[in-house]
Amino acid sequence: MNNRLIKQMFDACYMAKRTRDLLPPLPEGVQPSYIQYLDCMQELEEKEKQVRISDLSEFLNVPRPGVTRTVKEMEAKGYLQKMASPDDGRVTFLTATEKGRKLHQKYDEEYFSGLLPYFDSISDEEAETMIATVEKFYQIMSGRRETYDKR
């Protein structure tokens, strides 16, 4: 690896962010993280798991205080609800409301499914390689930042 290639990797990340900005506009007051959280909740629920804030934090690799803040916003706007565990009142589970399920369905089923034909030229292997590379790049940079911050 050389400096030129490292710079090109950062340029690709910038392009990826710009690509993400091409997603359809969200309804007033809806943050992109809401869609991501609803998506993760559905994925975890499909594994027959009751979802807690800590599960979202771990799944998304996001600090728990940030998840808690977003969950509170989503609850206030009616996209999810919290329920105390019947076994242990200290444990709180999250579930999408009907409003949250409709929002998720709109963006998951209608929009992302509609994109499938446009991505025919990208193989599953290429997509998986891209995902793994970006995740590895992020881990490297996160570790470097932690080392740099300790100086």
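Now for a description of the structure that goes with this document.

The rules behind the values
- Residues numbered from 1 in each chain as written.
- Predicted model: local features only at pLDDT ≥ 70, side-chain atom pairs only at ≥ 80, totals over all residues.
- Heavy atoms only, no water.
- Patch = residues over 30% accessible without salt bridge, like charges linked within 9 Å, V, L, I, M, F, W, Y side chains within 5 Å.
- Areas by Shrake-Rupley, 256 points an atom, 1.4 Å probe, with all protein chains shown as cover.
- Salt bridge = Lys/Arg side-chain N within 4 Å of Asp/Glu carboxyl O.
- Helix = DSSP H or I, 4+ residues; strand = E, 2+ residues; numbered from the N terminus.
- Core = buried A, V, L, I, M, F, W, Y, C linked by side-chain atoms within 4.5 Å.
- Buried < 20%, exposed > 50% of the residue type's maximum accessible area, 1.4 Å probe, protein only.
- Contact = heavy atoms within 4.5 Å.

Moving on, we come to a nonpolar patch on the surface. Among the surface-exposed residues, M1, L5, I6 and F10 lie close enough to one another that they form a single nonpolar patch of about 390 Å² accessible area. Within the element layout of this structure, F10 appears in helix α1 (residues 3-20).

Here the focus is the nonpolar core. With 21 residues, the main nonpolar core has Y37, L56, V71, M74, L94 and L103 as its most contacted residues. Within the residue set of this core, elements represented by two or more residues are α2 (32-46), α3 (53-60), α4 (64-76), β2 (92-96) and α5 (98-115). Take this core: its biggest share by element is 7 residues, from α2.

The next subject is the side chain of T70. Within the secondary structure layout, T70 lies in helix α4. The residues contacting T70, other than those within four sequence positions of it, are S33, Y34 and Y37.

What follows concerns the side chain of H104. Mapped onto the secondary structure, H104 falls in helix α5. Leave out the neighbours within four places in its chain, and H104 touches I35, L38, D39, Q42 and E109.

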